[in-house]
Every structure is written in C-alpha cells, then in structure tokens.
Amino acid sequence: MPLTRAARSASLSTRKARGKPPRTATPARVLPKRNRTARPTRPFHWVSPLLRVVDRGGNIGRSLVAAKAIRKGTLVLMMGGHIMTIEQHGRLPEPLRHYPTHVSDGLLIGRMSLGEPDEPGEFVNHSCDPNCGMQDQLSVVARRNIRAGDPITIDYAMCMTSAILNLACECREPGCRGRITGDDWKRRELQKRYKGSFVAYIERLIAGGRGHN
Ligand SMILES: [Zn+2]
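Residues numbered from 1 in each chain as written. Predicted model: local features only at pLDDT ≥ 70, side-chain atom pairs only at ≥ 80, totals over all residues. Heavy atoms only, no water.

*Asks:* What am I meant to see in the sheet that holds strand 5 (residues 82–85) here?
*Replies:* An order of 5-7-6 is seen for the three strands of this open sheet, with the pairing classed as antiparallel. What marks the edges here is a single partner per strand, and that holds for strand 5 and strand 6 (101–104). Here the average twist between neighbouring strands, direction ignored, is 40°. Pairing of strand 5 with strand 7 (residues 107–110), which is carried by four bridges, proceeds in the antiparallel orientation. (Pairing = 2+ DSSP bridges. Helix = DSSP H or I, 4+ residues; strand = E, 2+ residues; numbered from the N terminus. Axes fitted to C-alpha atoms, helices over the stretch in contact; angles between N-to-C directions.)

Rendered as structure tokens:
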C-alpha cells in the first residue's frame, strides 16, 4: 500500500529525528534515463569577443574574422571537445575527421558527432602565411597585429598530425604549399618558421627529434 504524501512526510521526519538518512525511492544523483545520452548543447570552444563569424561564400564558407584590430600576442580562441582515441577518430563522420587535434600519443580532442553544435574553431581557415599560431595545447594566439575584417588563420601543420589529413590548399599566399597533409609539421622550414607556434604535443615530437623530412 503506497504511503500518502502526509504519511510519507511523517515517516521521513521520524527517520530524520532518529538520525537516519531518509529513504528515497530514487537516489537523487541518478539522472533520468532520457538524459544519460544527452549531447552538449553549447560549443566547447571559447571565442574572443574580438572575433565574429562571417559567411564568405564559395569554397570558403563560414570564417572567423577580426571584428576589431587585434594586437600580436592576443589570445583569440581556446579549443576544446571530447578526448578520443585514434580508433574513435577513424570512425568519425567524414565531415568531422579533419578537425580533431592531437593532444598526446594516440589521443585527440574534438567534436564527435554531427548532432553537436558547430565549434568556432572549425571556422578558422588554413593559410600558408597565417596571422595566428598555437600556444600550449589548445590556444590560438595572434602571431602579428591583425586588421579589423581580416580572417583568422593558422597553418594546419601547427596542430594536425593526422594521417588522413590531405587537402588541396588554395590560400594563394606566396610560398603556398599547394597541399596540406598531417606530415607537414615534419618539414624543416616549417619547424623553423613556426617554432613556438605548434601545439605542445608537436613541440615535444620536434624536441625529441621526430620528423625532419
Ligand atoms: Zn597555401
């Protein structure tokens, strides 16, 4: 026979008075079943208020651009996401495979589902002469002063080592490599030019003598 609300209340009061924890049918910390598979509803990335997203159309699409002039050394974006293994990365939906960043041997960070919100960092374009670089593991920092309206760019060699990265580059900067791959960080000229602007994981690989194509 179920207790009435008043009887249940009296029962709980009695247990409390005896110094015993109240008996509850469902532990308070257990989430309802429908929430156990809930996906993030907000992006993981932090984006500076100095930036805005602009749709540039054509092959480029949405890009992060400077809404105001930005000084060299300014933090403009902090990336984030799910930590995933190489195997999980290989099973990502094709449109998401180029975004995750290596954070350690065999581990990457990034978005894992098309059902999750777009991440601002996905709108940072590659350039072979980028105005930003990486710092620590997940920070994007201005490498030089940036004018209002300029797209925020990094060189994907600074943060990507994935074997499946293989894209044509149309940045049209002088010295454009023409193709971007996950092995570009191994190029001596890039290691020299971007020293201090690679993610920490790649900096460690370079310091350990890895690479040098
Ligand atoms: Zn290029």
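*Asks:* Mind showing me how you'd approach the state of the cysteines here?
*Replies:* Here, the word disulfide means a covalent bond between the sulfur atoms of two cysteines. Evaluated as defined, the whole model comprises zero disulfides. Cys-159 forms no disulfide, and the closest cysteine sulfur to it belongs to Cys-132, at a distance of 12 Å. The class of Cys-159 is buried, set by a relative accessible area of 2%. (Disulfide = S-S within 2.5 Å. Buried < 20%, exposed > 50% of the residue type's maximum accessible area, 1.4 Å probe, protein only.)

*Asks:* What is the right way to look at the pattern of salt bridges in this model?
*Replies:* Side chains that carry opposite charge are capable of pairing whenever their charged atoms lie near each other. With the rule as written, the count across this model stands at nine salt bridges. The salt bridge involving Asp-118 is made with Arg-62; its shortest N-O contact spans 2.8 Å. Linking Asp-118 in the loop between strand 7 and strand 8 (125–126) with Arg-62 in strand 3 (residues 62–66), this pair joins segments that are 56 residues apart in sequence. In this structure Asp-118 comes out as partly exposed when scored by relative accessible area, which is 33%. Notably, a salt bridge pairs Asp-155 with Arg-177, separated by 2.8 Å at the nearest N-O pair. Of this pair, Asp-155 sits in the loop between strand 11 (153–154) and strand 12 (166–168) while Arg-177 sits in the loop between strand 12 and strand 13 (179–181), placing them 22 residues apart in sequence. Comparing Asp-155 with Arg-177, the two get one shared label, buried. A network of salt bridges, in which partner residues are shared, links Arg-62, Arg-111, Asp-118 and Glu-122. (Salt bridge = Lys/Arg side-chain N within 4 Å of Asp/Glu carboxyl O.)

*Asks:* Whenever I open this one, the packing of aromatic side chains confuses me. Can you help?
*Replies:* To describe a pair of aromatic rings, you give the distance between the ring centres and the angle between the ring planes. Scanning the entire structure with this criterion turns up one aromatic pair. Judged by centre distance (6.1 Å) and plane angle (75°), the rings of Tyr-194 and Phe-198 are edge-to-face. Judged by relative accessible area, which is 2%, Phe-198 ranks as buried. (Phe/Tyr/Trp six-rings, centres within 6.5 Å; stacked < 30°, edge-to-face > 60°.)

Read these as geometric descriptors, not functional statements.
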